[in-house]
Amino acid sequence: MSEEHRYDKAADVEVDRGHPAEADMPMPTDAPADAMGCHSGKDMAEAAKQAGNSELLDQFAKDYPQGPHDKPQSMCPAFGSLRVGLRMRRTATVLSGSACCVYGLTFVSHFYGARRSVGYVPFNSETLVTGKLFEDIRDSVHELADPEKYDAIVVTNLCVPTASGVPLRLLPDEINGVRIIGIDVPGFGVPTHAEAKDVLAGAMLAYARKEVEAGPVPAPVGGKDDRPTVTLVGEMFPADPMMIGAMLGPLGLTIGPTVPCREWREQYAALDCGAVAAIHPFYTASMREFKAAGKPIVGSAPVGVEGTHAWLKNIGDAFGLPEVQVGAAQNAFIPAIQGALAAAPIDGTITVSGYEGSELLVARLLIESGANVPYVGTAAPNTDWNKDDADWLISKGAKVKFRASLEDDCAAMEAVKPHLAIGTTPVVQKGKELGIPSLYYTNLVSARPLMGPAGAGSIAEVMNAAIAGKERLNHMREFFDGVGEGDAAGVWEGTPNVNERFRAANVRRMEKKAKAAKAEEMI
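I will try to describe carefully the structure that is included in this document. Computed from a predicted structure; not experimentally measured.

Here's the deal with the pairing of strand 3 (residues 152-157)
- Among the 6 residues in strand 3, 6 count as buried, and that is most of the element.
- Of the two faces of strand 3, the one holding Ala-152, Val-154 and Thr-156 and the one holding Ile-153, Val-155 and Asn-157 are both buried throughout.
- Relative to strand 3, strand 1 (residues 91-96) runs parallel, the two sharing 6 bridges. Paired with Thr-93 across the two strands is Val-154, which belongs to strand 3.
- With 6 bridges joining them, strand 3 and strand 5 (residues 178-184) adopt parallel strand pairing.

Following this line, the structure appears as structure tokens:
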């Protein structure tokens, strides 16, 4: 037999072995056919634990606690981490997962404007079971690791490789000077795609922090500012960081990089800050790295009058600034915010829901604009960094629901019957079916400035226009009444074929099924 060719010492590392299965524990082959994916719940999670990933899943459960539902209700969570990697300069991305999952993820990433290729390491049952998949992944990163092209390569395990225990931790930390970042983003461990952004952002900060501890690192491309910096955490509308920077000016401060970062050396500058602003509150892994670096963290954001006043005060406290200086900064911007709110009032009842993590900030701005907001639902969890926002909203009469499910959001909308519903795609669809003007949160709300004077006047126009469109919406509902509903759903070249006998038989069948289910409940 010829000598084995090795790139590194990964083959010599001791591999963690899973615990033997209990006698009464079903083996993976006993799992139902529809249980192999992010919607598998306990089946895939149990398989991952048996494969040696118990510690990984325990950390996920701590960082991203599940809600009343244990299945993703938005797009595949891995899209969040994929998006972060694709937006970084000089960073290659490689996925390891089922072909259908990779196809969907690459399709969505290019739909949202990715302008680079996504690497894929395919597998079959044999390569998955024998460990050949890990060797193929290792070969692919060695082939990709060109320091002339890349600073880092991100390798992501999706559901099946994570459940099978493919050990990305055994990949080398760097190859030819190119950093190798291996992460697992299973749908059964990471609840939302927003939190998956934190999985990669936290992993990169952890890597960068070790580099900083080991010795000198490259300075930012634009040089280092003499003023202390505030690192911003969370993807925001491009104008928001600039507005926050303007508000920090009177305090003698400036903004640092925004996490997730756009290039590798920004990680060092992000860690070299005076304080961290958790604009989006669900970046738990990233916050852990900032805490390890000894950085204070400030929650909430400068939205509206009261939010801006409190946030500037908390930033001043984090830097130990005198009250006079903080007061001067507040006086410089709060009158402008008051003027913007007064010039663009919102008159109506609005329910707010979404999975971006900024829902509470938007609700605050709506209330200060004059709107009645009785319900705020967010797929994000309750954390230390959104507590002030939640308390403020509750004091204004809003019900705040963390880890809200689609059913929660729809039930609130149906109960309140607002003038306007803001939510995810299915919430918007349901709202329009009910004749309620509705706006898609991600594209029409979060894609607008929220901070400072710019944010105060930015959302009123679109809200008021949507509320005013109710009559037109009702006219459209009447015109399309019955189209595409029930057994007329789908694409028809002519008039849908209505079979009354089939309808009657189907009703009897459904009634019989409901009675059987009711009988089982009584046993």
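Structural notes on the layout of surface pockets
- Of the voids in this model, the second largest pocket is the one considered here, and its volume is about 890 Å³.
- Looking at the second largest pocket, it is lined by 37 residues, and the ones nearest its centre are Arg-87, Glu-235, Met-236, Phe-237 and Pro-238.
- If one sorts the elements of the lining of the second largest pocket by residue count, strand 7 (residues 254-259) sits on top with 5 residues.
- Counted by class, the lining of the second largest pocket contains 19 nonpolar, 9 polar and 9 charged residues.

Regarding a negative patch on the surface
- Together, Glu-433, Glu-478, Asp-481 and Glu-485 give the surface a local cluster of negative charge.
- Following the sequence through the fold, Glu-485 ends up in the loop between helix 20 (470-479) and helix 21 (500-522).
- Judged by relative accessible area, which is 48%, Glu-485 ranks as partly exposed.

Some remarks on the nonpolar core
- One finds Ile-153, Trp-264 and Phe-290 to be the most contacted residues of the largest nonpolar core, which totals 73 residues.
- The contact partners of Ile-153, leaving out residues within four places of it in the chain, are Ala-92, Val-94, Val-141, Leu-144, Ala-145, Val-178, Arg-179, Ile-180 and Ile-181.
- In terms of nonpolar packing, the next biggest core, distinct from the first, is built from 60 residues, Ala-277, Val-326, Ala-340 and Ala-344 among them.

Some thoughts on the packing of aromatic side chains
- For the coordinates displayed, the defined rule picks out 4 aromatic pairs.
- In this arrangement the basic side chain of Arg-364 is found over the ring face of Trp-392, its NZ or CZ atom lying 4.4 Å from the centre.

Comments concerning the sheet that holds strand 8 (residues 275-277)
- Spatially, 4 strands are ordered 7-6-8-9 in an open sheet, and the strand pairing comes out parallel. Since the sheet does not close on itself, it has two edges, and those belong to strand 7 and strand 9 (297-298), each with one partner.
- In this sheet, strand 9 lies alongside strand 8 in parallel orientation, the contact comprising 2 bridges. For Ala-277, the partnering residue across the bridge sits in strand 9 and is Val-298.

Observations concerning the pattern of salt bridges
- All told, the structure shown has 17 salt bridges when counted by the stated rule.
- One salt bridge in this structure joins Arg-288 and Asp-63, with 2.9 Å as the shortest N-O distance. One end of the pair, Arg-288, is in helix 10 (residues 284-292); the other, Asp-63, is in helix 1 (residues 42-63), and 225 residues separate them in sequence.
- Linked through salt bridges whose partners overlap, the residues forming this network are Arg-83, Arg-87, Lys-197 and Glu-235.

Thoughts on empty space enclosed by the protein
- Applying the stated rule across the entire model yields 2 cavities of 30 Å³ or more.
- Its volume calculated, the largest cavity comes out at about 50 Å³.
- In terms of lining residues, the largest cavity is bounded by Ile-279, Pro-281, Ser-300, Gly-357, Ser-358, Glu-359, Leu-360, Leu-361, Trp-385, Asn-386 and Asp-389.
- With 3 residues, the top contributor of residues to the lining of the largest cavity is helix 13 (residues 359-368).
- Taken together, the residues of the lining of the largest cavity sort by class into 5 nonpolar, 4 polar and 2 charged.
- Within this model, the second largest cavity holds a volume of roughly 30 Å³.
- Taken together, Ala-78, Ser-81, Leu-82, Thr-93, Leu-95, Val-154 and Thr-156 make up the full set of residues lining the second largest cavity.
- Where the lining of the second largest cavity is concerned, the elements lending two or more residues are helix 2 (78-86), strand 1 and strand 3.
- It is helix 2 that provides the largest number of residues to the lining of the second largest cavity, a total of 3 residues.
- For the lining of the second largest cavity, the residue count by class is 4 nonpolar, 3 polar and no charged.

Conventions and cut-offs
Residues numbered from 1 in each chain as written. Predicted model: local features only at pLDDT ≥ 70, side-chain atom pairs only at ≥ 80, totals over all residues. Heavy atoms only, no water. Buried < 20%, exposed > 50% of the residue type's maximum accessible area, 1.4 Å probe, protein only. Helix = DSSP H or I, 4+ residues; strand = E, 2+ residues; numbered from the N terminus. Pairing = 2+ DSSP bridges. 1 Å grid on protein atoms, 1.4 Å probe; cavity = no way out; pocket = protein on both sides within 12 Å on 5 of 7 lines; lining within 4 Å. Points joined across faces, edges and corners; volume = space filled by probe spheres on them. Nonpolar A, V, L, I, M, F, W, Y, C, P; charged D, E, K, R; others polar. Patch = residues over 30% accessible without salt bridge, like charges linked within 9 Å, V, L, I, M, F, W, Y side chains within 5 Å. Areas by Shrake-Rupley, 256 points an atom, 1.4 Å probe, with all protein chains shown as cover. Salt bridge = Lys/Arg side-chain N within 4 Å of Asp/Glu carboxyl O. Lys, Arg positive; Asp, Glu negative; His and termini not counted. Charge placed at Lys NZ, Arg CZ, Asp CG, Glu CD. Core = buried A, V, L, I, M, F, W, Y, C linked by side-chain atoms within 4.5 Å. Contact = heavy atoms within 4.5 Å. Phe/Tyr/Trp six-rings, centres within 6.5 Å; stacked < 30°, edge-to-face > 60°. Lys NZ or Arg CZ within 6 Å of the ring centre and 35° of its normal.

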